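Descriptive structure summary
Given next are the chains, with one letter for each unit.
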Amino acid sequence: MVLDLTVLGCAGSHTGVGRMCSGYLVEAAGKRILLDAGNGSTGNLQREHRLRDLDAIVISHRHVDHCIDLIGCYYNLRFDPDHAGRMPLYAAAEVHELLTGLLSGDAPMSFDDLFAHQEVGHGDHIQIGEVSLRFARSVHPVPTVSTRIEVGGGTVVYSGDSAGGPDLVEIARGADLLLCEATWTGDAADYPPDIHLTATDAAKVANEAGVGRLILTHLAGATDREQAMAEAAAVFDGTVQLAEDLFRYRVEAHD
Ligand SMILES: [Zn+2]
Ligand SMILES: [Zn+2]
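Now for a quick tour of the structure. In this text the structure is predicted, and so the values were computed from the model without any measurement.

Bringing the nonpolar core into the picture now. Ranked by internal contacts, the top residues of the largest apolar core, which has 78 residues, are V156, L179, A202, L214 and L216. Sequence-distant contacts of V156, defined by excluding residues within four places in its chain, comprise L3, L5, V26, I149, A175, D176, L177, L179 and V251.

Structure below.
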């Protein structure tokens, strides 16, 4: 069994040329799960899939570079004559409030007519077919989750936006692949605390958690990508890669 992770967007905070905001498609055991829906990411999703073909959507937090495309998803599903039922949506606290607020008074169908929303937080577990999802709180200015995805012994962990800390290390423990935000380069002391990670600190998290492979994502627009790569590679013991829109990463399950 394999788990495929396709990057639909990996830009931090705002889009760039050919770079959409956070969105990742997980495909495993016949299920398709969208992790985050930042600006433009669902356009990339539709290169290969229809929105209605997703089995679930997971949103790490309410910052718009991680959730704003759900407004477009609302209209896409609403106007899709072949869509039926409600799309399962697992989202950190405050996401549902933000999105329904944006749609209020503007739409004959409510957000909840199209999405079956369930709030998720630290310690929660969800099973989608054979795919297991676990969540941990993340250090970030708004309620945010990191997500651990396991299927058939293969494990991918997505940090969400995070300043690191023991909860991230714990949920990433032993993962085959850690998709970790690395917004900045250089010295963490040069940046405001408790918001994001530098590439060096992402690599330290990966070492502490004992992961097999580290993929750096959510680099800020001004962050030098080669420098981020070099800083992480100097610290991390395993393979480091930079996330790129439309790249696909495969994890082979162990059993
Ligand atoms: Zn972000
Ligand atoms: Zn954020």
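On we go.
Taken in spatial order, the seven strands make up an open sheet running β7-β6-β5-β4-β3-β1-β16, and their pairing is mixed. Pairing within the sheet leaves two strands with one partner each, and these edge strands are β7 (115-119) and β16 (248-252). Between one strand axis and the next, the sheet turns by 20 degrees as a mean value, whatever way the strands run. Where strand β3 (residues 23-28) lies against strand β4 (residues 31-35), five bridges are found, and the strand directions are antiparallel. Paired with L25 across the strands is L34, a residue of β4.

Glancing now at the sheet that holds strand β13 (residues 213-217). Taken in spatial order, the seven strands of this open sheet run β8-β9-β10-β11-β12-β13-β15, and their pairing is mixed. Both outer strands of the open sheet, β8 (125-128) and β15 (239-242), are each paired with one neighbouring strand and no more. When strand polarity is set aside, the average angle formed by the axes of neighbouring strands in this sheet is 20 degrees. Of the strand pairs in this sheet, β13 and β15 are connected by four bridges, and their pairing is parallel. Of the residues in β15, the one forming a bridge with L214 is V240. Against the sheet, helix α7 (residues 199-209) makes contact with β12 (177-181) and β13, and its axis sits at roughly 150 degrees relative to β12, the strand it touches most.

As a further point, take unusual backbone geometry. In this model, D36 sits at a positive phi of 70 degrees, which is unusual for a non-glycine residue. The buried category is assigned to D36, around which 28 C-beta atoms lie within 10 Å. Positive phi outside glycine occurs at H218, with the angle close to 60 degrees. Along the chain, the position of H218 falls in the loop between β13 and β14 (219-220).

So, about the pairing of strand β6 (residues 87-91). The two faces of the sheet receive side chains in turn, since in a regular strand these alternate between them. In terms of burial, β6 is a largely internal element, four of the five residues being buried. Direction of pairing for β6 relative to β7: parallel, over a ladder of five bridges. Each residue of the ladder has a partner; that of M87, found in β7, is F115.

Parameters at a glance
Residues numbered from 1 in each chain as written. Chains lettered and ligands numbered in written order. Predicted model: local features only at pLDDT ≥ 70, side-chain atom pairs only at ≥ 80, totals over all residues. Core = buried A, V, L, I, M, F, W, Y, C linked by C-beta atoms within 7 Å. Buried ≥ 20, exposed ≤ 12 C-beta atoms within 10 Å, placed from the backbone. Contact = placed C-beta atoms within 7 Å. Pairing = 2+ DSSP bridges. Helix = DSSP H or I, 4+ residues; strand = E, 2+ residues; numbered from the N terminus. Axes fitted to C-alpha atoms, helices over the stretch in contact; angles between N-to-C directions.

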